[in-house]
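Residue-level structure breakdown
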Amino acid sequence: MKLWYDRKSKNPTYFVQIGIRNGKKTTTKNIARIGRYSDLLKITDDPLSYAKEQVAKYNEEAKHKKQVSLELNINFAEKLKASGSVVSSSQRLNIGYFFLQHLYHDLEVHSFFDSITAESKITFDPNLINRFLTCARILKPDSKLGTLQHLGNFYERPEFDYIHIMRTMDLMAEHYDEYINHLFDKSKHIIKRNTSVCFYDCTNYYFETETEDEDYVDEVTGEVTKGLRKYGPSKEHRPNPIVEMGLFMDSDGIPLSMCITSGSDNEQTTAIPLERKLTQMFKQKKFIYCADAGLGSLGIRIFNSMGGRAFIVTQSIKKLSGRLKKAVFNDYDYRLLSSDVPVTIEDMKAFDRFAPENRELYNDRAYKIINADSAFDLGLYEEKKLKNGKTIKVKSKATVKQNVIITFSRKMMEYQRYIRNRQIERAKKLLANLDPETYKKGPHDITRFIKRTSSTKSGEEVSDLYEINQNVIEEEEKYDGFYAVATNLEEDAKTIIEISSNRYKIEDCFRITKTNLSARPVYHQKPRRIVAHFMICYTALLLYRLLETKLNRYGTHFTIDQIMETLNNMEVANLEDMCYMSTYNNSQVCTSLNAIFALGLDKKYYQPKELNKKIKKISR
């Protein structure tokens, strides 16, 4: 604060004045009136020195109390300034992204971009662009153009052009592996990463186009470059071209690495190449590979039986050989998972589940370990390419040391039968008004319970009879409550089952990416832009998971919707360029975030220099 008065006046009035820098704009405000020169002569011989002493007192008081009193004059007749904008926009600014920015800063992404652009002469800041594309993907997911148009909602109000976004994405795609490795290396300094078990799964993302990418054949070498957007089995069952994403995560649900491949690729072919990159990132550190049955082929199991690694993969009981199926349904050698006490499946199915004394048993599971070193017994198949270019599936003949752990849950059995009974009721209703012309039997929908029997008499037309197929129902009921995993570990069954049960976290990663981060549909056409789009989504997922893990380890747990809503609502309003006023209230999420990151974003008012200082410390 400083003294201000009209130096040309013979009888000036002295004021305490404060200078306020708000972004690129500097404003001065008179916050206190000391007095007129003629009036001050009544109490002092030197009004100027007296006024300077008063300013010094204000500065000293503000230093100790850390507060400044401001006077705000409101003219209720004042109108908004004229604007050429077609649509009115909100002038509130988001500061909730400061928490995300703190984590982004700790990942030292700026050092990655500094290293890859050291020899170039680019005139834009790729780190700045990637930073706001990532934060916007979490807070307000939109297209790249949509994000560009709403950059003014962030406190910093960054400025860059659309072409710079595209060039940044090209730059990222060119250094894909380096970027993913950098994020993993730096994340270890933020959160202690638990990589003893690495979970893997695949999903796909659709595009708003009806044309798939053509393969490119080099005229000189004959080398084929496969198109990225291809038709394939879509998770959403959409008739659009897709790309496939393979994702590794650690035991806390934090992503480790990912790959983007053609939508028509077999997902099993993505696991080993990405896992090789993972072992390099881990510097050959041992880990356990955990995945579902679709990503547990013989080749994957053999690969994870080498180098000190191990595997835990879901095993389909229906695909087991006759010998192993017989062992599964042989009601012998089952034990309770909680206590290792012998039990029979017959007893598990027969007890009164509503009796209070059976509640623990109802929540318990029975298990049995079956040796299955022969891959043939597991019903595994490998793809073999013939000389004519066709691919066929053949039974695996190799042997890999492994056990199959069979579990039975009464609770799961009751749930599966409840779902099936509802489907059977729907099938019966369908039978009542079934149109033979439109009937089409499916392997997974309710029509699988409907049997068609054709009969005819001599000289007459064929007639069809539709009825519920009791044999199908009885065959499915055999497997109710049963679950199996295959592993080459020698650990106890309870430990292995607990590890496998954490696979749900990777499904959460996909749900967050698709739903909360709106990673789909994708509108980019060039392969490098498509890859860069998912690199941004991956960074956003990593930031959120790190934030979530910090909250969990602090002792608080919130849903993603609660966290995102809080961050989005943390906005401030500019009060005549003198200060910013919070337009949000305090909450449990806000309190926890401020306790963890110590950013002090739980105040009602902020001076511009205060917010500027906070963001400057974490702005790279």
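See the structure printed just above.
Residues numbered from 1 in each chain as written. Predicted model: local features only at pLDDT ≥ 70, side-chain atom pairs only at ≥ 80, totals over all residues. Heavy atoms only, no water.

1. Notes on the packing of aromatic side chains
A full pass over the atoms with the stated rule returns 20 aromatic pairs. An angle of 65° between the planes, with centres 5.2 Å apart, marks the rings of Phe 112 and Tyr 179 as edge-to-face. A residue pair is termed long-range when its members are at least 10 positions apart, and Phe 112 in helix 4 (residues 109–116) and Tyr 179 in helix 8 (residues 176–187) qualify at 67 residues. Summarising the burial analysis for this pair, Phe 112 and Tyr 179 share the class buried. Taking 5.5 Å as the distance between ring centres and 90° as the angle between the ring planes, the aromatic pair formed by Phe 282 and Phe 287 counts as edge-to-face. Residues Phe 282 and Phe 287 agree in their burial class; the two are buried. Counting every residue linked through ring pairs, the aromatic cluster contains Tyr 97, Phe 98, Phe 132, Phe 154, Tyr 155 and Tyr 580. (Phe/Tyr/Trp six-rings, centres within 6.5 Å; stacked < 30°, edge-to-face > 60°. Helix = DSSP H or I, 4+ residues; strand = E, 2+ residues; numbered from the N terminus. Buried < 20%, exposed > 50% of the residue type's maximum accessible area, 1.4 Å probe, protein only.)

2. Considerations on the sheet that holds strand 22 (residues 605–606)
Hydrogen bonds between backbone groups are what pair the strands of a sheet, and the pairing can be parallel or antiparallel. Pairing within the open sheet is antiparallel, and its four strands lie in the order 4-20-21-22. Every other strand in the sheet has two partners, leaving strand 4 (93–94) and strand 22 as the edge strands with one partner each. Strand direction decides the pairing type here: strand 20 (residues 571–575) and strand 21 (residues 579–582), joined by four bridges, are antiparallel. Pairing of Leu 575 across the sheet is with Cys 579, part of strand 21. (Pairing = 2+ DSSP bridges.)

3. Some words on the side chain of Thr 549
For Thr 549, the location among the structural elements is in helix 18 (residues 527–554). A relative accessible area of 6% places Thr 549 in the buried class. Excluding its chain neighbours within four sequence positions, the residues that come into contact with Thr 549 are Ile 191, Asp 252 and Ile 254. (Contact = heavy atoms within 4.5 Å.)

4. Remarks on the nonpolar core
One finds Tyr 97, Phe 98, Met 258, Phe 534 and Leu 601 to be the most contacted residues of the largest nonpolar core, which totals 103 residues. Top element by residues in this core is helix 18. It accounts for 16 residues. Once residues lying within four places of it in the same chain are set aside, the contact partners of Leu 601 are Ile 95, Phe 98, Phe 99, Met 570, Tyr 584, Cys 590, Asn 594, Tyr 606, Leu 611 and Lys 614. Core analysis: the second largest hydrophobic core is formed by 45 residues, Ala 291, Ile 317, Ile 406 and Ala 484 among them. (Core = buried A, V, L, I, M, F, W, Y, C linked by side-chain atoms within 4.5 Å.)

5. Comments concerning the pairing of strand 16 (residues 403–408)
In terms of burial, strand 16 is a largely internal element, six of the six residues being buried. Of the two faces of strand 16, the one holding Asn 403, Ile 405 and Thr 407 and the one holding Val 404, Ile 406 and Phe 408 are both buried throughout. Here strand 13 (residues 366–371) runs beside strand 16; their pairing, made up of six bridges, is antiparallel. Looking at strand 16, one finds that Lys 368 is bridged to Ile 406.

6. A word on the sheet that holds strand 9 (residues 255–262)
Here nine strands make up an open sheet; going across it, the order is 9-8-5-10-11-19-16-13-12 and the pairing mixed. In this open sheet, the two edge strands, each paired with only one partner strand, are strand 9 and strand 12 (335–336). Examined bridge by bridge, strand 11 (residues 310–314) and strand 19 (residues 482–487) share three bridges and lie antiparallel to one another. Note on strand 19: the bridge partner recorded for Val 313 is Ala 486. The sheet strands contacting helix 16 (residues 493–501) are strand 5 (197–206), strand 10 (288–291), strand 11, strand 13, strand 16 and strand 19, and the helix crosses strand 19 at an angle near 100°. (Axes fitted to C-alpha atoms, helices over the stretch in contact; angles between N-to-C directions.)

7. Some details on the pairing of strand 8 (residues 242–249)
The buried fraction of strand 8 amounts to eight of the eight residues, a majority that puts the element mostly inside the structure. Alternating residues of strand 8 divide into Ile 242, Glu 244, Gly 246 and Phe 248 and Val 243, Met 245, Leu 247 and Met 249, and every residue in both groups is buried. Sheet topology places strand 5 next to strand 8; eight bridges connect them, and they run antiparallel. Residue pairing across strands places Phe 199 opposite Met 249, the latter belonging to strand 8. Sheet topology places strand 8 next to strand 9; seven bridges connect them, and they run antiparallel.

8. Comments concerning the packing of helix 19 (residues 560–569) against helix 20 (residues 588–597)
Put simply, helix 19 and helix 20 touch, their axes get as near as 9 Å, and they point 80° apart. Classified by the angle their axes make, helix 19 and helix 20 are roughly perpendicular. The residues of helix 20 that touch helix 19, namely those facing Gln 562, Ile 563, Thr 566 and Leu 567, are Val 589, Cys 590 and Leu 593. When its residues are assigned to classes, the contact of helix 19 with helix 20 shows five nonpolar, two polar and no charged. (Parallel < 35°, antiparallel > 145°, perpendicular 65-115°, else oblique. Nonpolar A, V, L, I, M, F, W, Y, C, P; charged D, E, K, R; others polar.)

9. Let's talk about the environment of Gly 253
Relative to the helices and strands, Gly 253 is located in the loop between strand 8 and strand 9. Each C-alpha atom, one on Gly 253 and one on Lys 121, is 39 Å from the other, the two residues being 132 residues apart in sequence. Setting aside residues no more than four positions away along its own chain, Gly 253 makes contact with Lys 505, Cys 509 and Arg 545.

10. Quick notes on the side chain of Glu 244
You can see Glu 244 is positioned in strand 8. Ignoring sequence-local partners within four residues, the contact set of Glu 244 consists of Cys 202, Thr 203, Asn 204, Cys 259, Ile 260, Thr 261, Ser 262, Gly 263, Asp 265, Asn 266, Glu 267 and Thr 270.

11. Side note on unusual backbone geometry
For the bond from Arg 520 to Pro 521, the omega torsion is -10°, close enough to zero to count as cis. Residue position: Pro 521 is located in the loop between helix 17 (504–516) and helix 18. Phi is positive for Asp 333, which is not a glycine, with a value near 70°. Tracing the sequence through the fold places Asp 333 in the loop between helix 11 (322–329) and strand 12. By relative accessible area, Asp 333 is classed as partly exposed at 44%. For Ser 518, which is not glycine, the phi dihedral falls at a positive 50°. If you trace the backbone, Ser 518 turns up in the loop between helix 17 and helix 18.

12. Observations concerning a nonpolar patch on the surface
A contiguous nonpolar patch, built from Met 412, Tyr 415 and Tyr 418 and spanning about 340 Å² of accessible area, is present on the exposed surface. With respect to the helices and strands, the residue Met 412 is situated in helix 14 (residues 410–432). (Patch = residues over 30% accessible without salt bridge, like charges linked within 9 Å, V, L, I, M, F, W, Y side chains within 5 Å. Areas by Shrake-Rupley, 256 points an atom, 1.4 Å probe, with all protein chains shown as cover. Salt bridge = Lys/Arg side-chain N within 4 Å of Asp/Glu carboxyl O.)

13. Section: the packing of helix 3 (residues 97–106) against helix 21 (residues 608–617)
One way to put it is that helix 3 packs onto helix 21 with a least axis distance of 9 Å and a crossing angle of 30°. Of the possible angle classes, the one that applies to helix 3 and helix 21 is roughly parallel. Between helix 3, through Tyr 97, Phe 98, Gln 101 and His 105, and helix 21, the contact on the second element is made entirely by Leu 611, Lys 614, Ile 615 and Lys 617. Tallied by class, residues from the contact of helix 3 with helix 21 come to four nonpolar, two polar and two charged.

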